[in-house]
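Examination of the molecular architecture
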Amino acid sequence: MRILSLLHRWIGAIGGLLLAVLGLTGTLLVWRNQLTFVAHAGDTVRPDPVSLARAVDAVSQASPLIDRITFAGDGLGVHQLLFADGSGAYVSQAGETVERWSSSWQRPELWVFDLHHHLLIGDAGETMTGVAGLTGLFFVITGVVLWWRMHSRFRLRLWPASMKPGAVVHHHRDMGVVTAPLLLVSLVTGVLMVFPRLAGPCLPKHGRTHQSRQRPGYAIHA
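Residues numbered from 1 in each chain as written. Predicted model: local features only at pLDDT ≥ 70, side-chain atom pairs only at ≥ 80, totals over all residues. Heavy atoms only, no water.

1. A look at the nonpolar core
What counts, and what does not: Take the buried Ala, Val, Leu, Ile, Met, Phe, Trp, Tyr and Cys residues and link them wherever side-chain atoms come within 4.5 Å; each set so joined is a nonpolar core. The classification of residues rests on relative accessible area computed with a 1.4 Å probe and restricted to protein chains. Under 20% of the type maximum is buried, over 50% is exposed, and intermediate values are partly exposed. Pairs of residues are marked as contacts when any of their non-hydrogen atoms sit within 4.5 Å.
Listed in full, the nine residues of the largest apolar core are Leu-52, Val-59, Ile-66, Ile-69, Phe-71, Leu-81, Phe-83, Ala-89 and Val-91. In contact with Leu-81, not counting residues within four places along its chain, are Val-59, Ile-66, Arg-68, Ile-69, Ser-87, Gly-88, Ala-89, Val-91 and Trp-101. Counting residues in hydrophobic clusters, the runner-up holds eight residues, among them Val-78, Tyr-90, Val-98 and Leu-110.

Printed below as a string of structure tokens:
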């Protein structure tokens, strides 16, 4: 049990910072659409085929070549275009370009998305986030095991009884077991988005397409 405690403590110290970054950026992405400040972002979404065809026709002559179009939907009333050279644009449902960027760094909602899913380093970063998720699962499982030894001392508090090391550790242990179910759901689903094969027969084949590079909406690739 002492070895398990040491592993939990030191792996947590090393991996906790990365998990904190993923947690913070994931929280921000919950309000991603609301934080996308462009004209017509609040327009009512018109998903009918005529409107979508009109939008595609309006942007089909764009230069450089379009790599992907993500249509308006789920609270964001503009289409998102990503070009082959890494630049992009937001286009209204009427086909009017309302914002252009040459790099994702110019759009906060885009680089936060890339930081959360790819750590700003592409596919290697995506794999690292999956490994971080597996590490987080190790924290949760070992934390619950370590908590069980002292479960009779459980006290639900929003703040430690004091700032002494023992009280802080005790509070960490109790709050950890309270949040464990939510953490398990979040970590397991995050890991399966990066490593869908780990789901095996539990995840239907049609649900295994990885969608982390896309924001919610209808998307087509060139």
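2. Some remarks on the side chain of Arg-107
To keep it simple, the criterion reads: Per the convention used, a helix needs a DSSP run of H or I reaching at least four residues, while a strand needs a run of E reaching at least two, with both numbered from the N terminus. Side-chain atoms alone can form a polar contact between residues adjacent in sequence; in general such a contact is a pair of N or O atoms within 3.5 Å, and within protein one must be able to donate a hydrogen while the other accepts it.
Among the structural elements, Arg-107 can be located in the loop between strand S4 (97-101) and helix H3 (108-118). Among the polar contacts made by the side chain of Arg-107, one reaches the side chain of Glu-109 at a distance of 3.0 Å. In contact with Arg-107, other than residues within four places in its own chain, are Thr-36, Phe-37, Val-38, Tyr-90, Glu-99 and Trp-101.

3. Things to note about the layout of surface pockets
Rolled over the atoms, a probe with the dimensions of a water molecule shows which regions are left empty. Rule in force here: Using protein atoms alone on a 1 Å grid, points that fit a 1.4 Å probe yet trap it form a cavity, whereas open point sets bounded by protein on both sides within 12 Å along at least five of seven lines form a pocket; residues with an atom within 4 Å of a point count as lining. Grid points are joined across faces, edges and corners, and a volume is the space filled by probe spheres set on the points. Under the grouping applied here, Gly and all other residues not named as nonpolar or charged are polar, the nonpolar ones being Ala, Val, Leu, Ile, Met, Phe, Trp, Tyr, Cys and Pro and the charged ones Asp, Glu, Lys and Arg.
In this structure, the largest pocket occupies an estimated 1,300 Å³ of space. In terms of lining residues, the largest pocket is bounded by 44 residues, among which Leu-19, Gly-136, Phe-139, Leu-183 and Leu-187 are the most central. Going through the elements one at a time, helix H1 (2-30), H3, helix H4 (123-148) and helix H5 (165-194) are the ones with two or more residues in the lining of the largest pocket. Within the lining of the largest pocket, the residues separate by chemical class into 19 nonpolar, 21 polar and four charged.

4. Quick notes on the packing of aromatic side chains
Worth spelling out the cut-off: Stacked, tilted and edge-to-face are the three classes applied to pairs of Phe, Tyr and Trp rings, where Trp contributes its six-membered ring and a pair requires centres within 6.5 Å; stacked means planes under 30 degrees apart, edge-to-face means over 60, and tilted covers the rest.
Throughout the structure, instances matching the rule amount to five aromatic pairs. Arranged with centres 5.7 Å apart and planes meeting at 25 degrees, the rings of Trp-105 and Trp-111 form a pair that is stacked. The exposed category is assigned to Trp-105, whose relative accessible area is 57%. Taking relative accessible area as the criterion, Trp-111 reaches 27% and is therefore assigned partly exposed. An aromatic cluster is defined as three or more aromatic residues linked by ring pairs; in this entry it consists of Trp-147, Trp-148 and Phe-154.

5. So, the pairing of strand S2 (residues 78-83)
Stated precisely, the cut-off is as follows: Pairing between two strands requires that DSSP report at least two bridges joining them.
Within S2, five of the six residues are buried, which leaves it mostly tucked inside the rest of the structure. Bridge count for strand S1 (residues 66-70) against S2 is four bridges, and the pairing is antiparallel. The partner of Ile-66 across the bridge, within S2, is Phe-83. Hairpin connection from S2 to strand S3 (residues 88-92): four residues lie between these consecutive antiparallel strands, with Gly-86 at a positive phi of about 95 degrees.

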